[in-house]
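So you can see what is in the structure, the chains are spelled out below.
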Amino acid sequence: MEAPFVLVLLASTTGATECLSVAARVGETLGRPIQISHVEVGPGSIILPSQEELSEYEAEHLSDREQAETEAIRALVATWNQSSGAPAKIDVFRGDEWRVMRHYRGKVSMVVLASPHTQPVGHRETLRAALLRTGHPAVMVPPGWSGDFGRRLLIGWEDVPPLRRAISAFAPFLSAAAQVDVVAVEQDEASLDLARTVIAPIAPAATYRLVAAAGRRTANVLLDEARTSRSDGLVMGAFRRGEILNWLAPGTSTRLIHDSFLPLLMSP
């Protein structure tokens, strides 16, 4: 049986270099090789997974755009392989990410991908596909991210199953981090005591603090705290109220996915 690997899902060249850089750190921490996947979509593959309507112009030129993007990704990966010292295999599929990601279920340790809303039409369901179809943890990297990864981690604490799963999934990173900050927004000391019981065995030197929202959304509070602590990764619980509801009615996780300036570490 093939050993698990870190999957880098490249929907386009936007954010691809940043994803490969973070994936290299992920692979180093987990002791896993990297493998790359790209899906070339067509008009018939877009409507069901993403519910996006294509204009006549977009449908007409989609095939040419996708082929050009595939070639650009191949070239980018070839350049990265030459400089990385650890060449990564790339798989190219035709269809859509929602169907293709099922192929990787049970085969990968973690998925690294760019923020979905920054990707071209037809590729904006990548995070949902990565989390729910592979069933594995994911690191979402915002295009333009130029910092390190995994040295200074922030946990947005709330005692909910998605966050507990994320803490468990990313335990190797939390254990290896030089700094772990645990932030509880609009909660009490009892919540921090519970956080300590969960996190201290993994990250004994973690620091804990309560933060008042002061009229801000929880997502904005966490991002402000990440800036203050110079974090290079935010461990978060995704879709606390249920995957479908959060996808349709934006909650904290959806806002973080859209607005984050630093990598997000989440688990299905």
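Residues numbered from 1 in each chain as written. Predicted model: local features only at pLDDT ≥ 70, side-chain atom pairs only at ≥ 80, totals over all residues. Heavy atoms only, no water.

**Points about the packing of aromatic side chains**
Counted under the stated rule, the structure contains four aromatic pairs. Measuring from centroid to centroid gives 6.0 Å for Phe 149 and Phe 173, while their planes differ by 65°, and the two rings are edge-to-face. A residue pair is termed long-range when its members are at least 10 positions apart, and Phe 149 in the loop between β5 (138–141) and β6 (152–156) and Phe 173 in helix α7 (residues 171–176) qualify at 24 residues. Given a relative accessible area of 2%, Phe 149 falls into the buried group. A ring pair is formed by Phe 170 and Phe 173, whose centres lie 5.8 Å apart and whose planes are at 55°; its orientation type is tilted. Both residues of the pair, Phe 170 and Phe 173, belong to the buried class. Each member of the aromatic cluster is reached from another via a ring pair, and the members are Phe 5, Phe 93 and Tyr 104. (Phe/Tyr/Trp six-rings, centres within 6.5 Å; stacked < 30°, edge-to-face > 60°. Helix = DSSP H or I, 4+ residues; strand = E, 2+ residues; numbered from the N terminus. Buried < 20%, exposed > 50% of the residue type's maximum accessible area, 1.4 Å probe, protein only.)

**A look at the packing of helix α9 (residues 218–229) against helix α11 (residues 252–259)**
Viewed as axis vectors pointing N to C, α9 and α11 meet at an angle of 50°, and their least axial separation amounts to 8 Å. As judged from the angle between their axes, α9 and α11 are oblique. As α9 runs across α11, the sense of the crossing is right-handed. Listed contacts from α11 to Thr 218, Ala 219, Leu 222 and Leu 223 of α9 are Thr 252, Arg 255, Leu 256 and Asp 259. Here the residues of the contact of α9 with α11 are counted per class, giving four nonpolar, two polar and two charged. (Axes fitted to C-alpha atoms, helices over the stretch in contact; angles between N-to-C directions. Parallel < 35°, antiparallel > 145°, perpendicular 65-115°, else oblique. Left-handed = near helix turned anticlockwise from the far one by under 90°. Contact = heavy atoms within 4.5 Å. Nonpolar A, V, L, I, M, F, W, Y, C, P; charged D, E, K, R; others polar.)

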